[in-house]
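The lines below spell out each chain.
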Amino acid sequence: MAEKLWPLLRLTADSDDELKELYRQVYIENYVQDKDGNEIEIYDWQGNRVTFPKRQFDHAFSEATNYRTSAGVHDKPFSKRRARHILWIKEVLTASNGTIERRAQMRKDSRGKIKKRRNLIVVEERYVVVLNEEKGNPGQLVFITAFPADESYLRKIRGESALLEIRKPQS
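The sections below set out a description of the structure shown in this document. Computed from a predicted model, the values in this text were never measured in an experiment. (Residues numbered from 1 in each chain as written. Predicted model: local features only at pLDDT ≥ 70, side-chain atom pairs only at ≥ 80, totals over all residues. Heavy atoms only, no water.)

**Topic: the environment of arginine 117**
We apply this condition: Runs of H or I in DSSP of at least four residues are treated as helices and runs of E of at least two as strands, each being numbered from the N terminus. For every residue, the accessible area obtained with a 1.4 Å probe (protein chains only) is divided by the maximum for its type, and the residue is called buried under 20%, exposed over 50%, and partly exposed between those limits. When checking whether two residues touch, look at their non-hydrogen atoms; a contact exists if any pair is within 4.5 Å.
One can find arginine 117 in strand 4 (residues 114-122). Under the relative-accessibility criterion, arginine 117 is labelled buried at 15%. Between the C-alpha atom of arginine 117 and that of isoleucine 144, which follows or precedes it by 27 residues, the distance is 9.3 Å. The contacts of arginine 117, once residues within four sequence positions are left out, are Arg103, Ala104, Gln105, Arg107, Val130, Leu131, Asn132 and Ile144.

Laid out in structure tokens, this is it:
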């Protein structure tokens, strides 16, 4: 197996519930607020501010057993596979390594409202970070989810979106 662009985070706990809470704490401390309660400011390589809602953890690190038939409903409340990649999100946003496709698409949210979505795909890892543009606030993005994808899902994303940019590693 080839070397990963970034290391995976493999936490251990006595139960899946405890493990989920450990990863939740990593999410909060790295993306939401520091130990003093101050909001963490994160920017992508273009200078756009990316906010990470605390409540987003449950959606971002859960998954559907079969995404083809799930209609976006996650029936697996905690995905260790997604959680192990949790620290990759910052790396993708700063384009620290790898070839990253920045793509745009329009999607309906759960309330039926049209959202401008940004998909960042790390080509070498088949890893996707999903952000929504905040309506009426250009340069402000909201984290939705991040996950390792299979090739057929990447084809689906590419078919439904427009390529905005390909960011290659700095040499």
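**Some remarks on the packing of aromatic side chains**
Applied cut-off: Pairing of aromatic side chains here covers Phe, Tyr and the six-membered ring of Trp, requires ring centres within 6.5 Å, and sorts the geometry by plane angle: under 30 degrees stacked, over 60 edge-to-face, intermediate tilted.
Enumeration over the complete set of coordinates arrives at 12 aromatic pairs. When the centroid spacing of 5.7 Å and the interplanar angle of 55° are considered together, the rings of tyrosine 27 and phenylalanine 57 count as tilted. With tyrosine 27 in helix 1 (residues 16-32) and phenylalanine 57 in helix 2 (residues 56-60), this pair connects stretches of sequence that are 30 residues apart. Using a relative accessible area of 1% as the deciding quantity, one classes phenylalanine 57 as buried.

**Here we look at helix 1**
So the rule is basically this: One fewer than the residue count of a helix, multiplied by 1.5 Å, yields its expected span.
Between its first and last C-alpha, helix 1 extends 22 Å over 17 residues, near the 24 Å set by a 1.5 Å rise per residue. Here helix 1 has its buried residues at Leu19, Lys20, Tyr23, Arg24, Val26, Tyr27, Ile28, Tyr31 and Val32. Contact partners of the buried residues in helix 1: strand 1 (42-43), helix 2, helix 3 (80-83), helix 4 (88-93) and strand 6 (140-148).

**A look at the nonpolar core**
Here is the rule we go by: We call a set of buried residues a nonpolar core when its members are Ala, Val, Leu, Ile, Met, Phe, Trp, Tyr or Cys and they connect through side-chain atoms within 4.5 Å of each other.
Counting residues in hydrophobic clusters, the biggest one holds 34 residues, and the most contacted among them are Tyr27, Phe52, Ile86, Ile89, Val129 and Phe143. Looking at this core, the elements that each hand over two or more residues are helix 1, helix 2, helix 4, strand 4, strand 5 (127-133) and strand 6. Broken down by element, this core gets its largest block of residues, seven residues, from helix 1. Apart from residues lying up to four places away in sequence, isoleucine 89 is in contact with Tyr31, Phe52, Phe61, Tyr127, Val129, Phe143 and Ala146. Grouped together as the second largest cluster of nonpolar side chains are nine residues, Ile121, Val128, Ile144 and Ile157 included.

**Things to note about the pairing of strand 3 (residues 100-108)**
Two faces make up the sheet, and in a regular strand the side chains alternate between them. Quick reminder of the rule: One bridge is not enough; two strands pair if DSSP finds at least two bridges between them.
The sheet contact formed by strand 3 and strand 4 spans nine bridges and is antiparallel. Within strand 4, the position partnered with glutamate 101 by the bridge is isoleucine 121. Across five bridges, the pairing between strand 3 and strand 7 (residues 162-167) is antiparallel. Following the sheet pairing, arginine 103 is matched in strand 7 by leucine 163.

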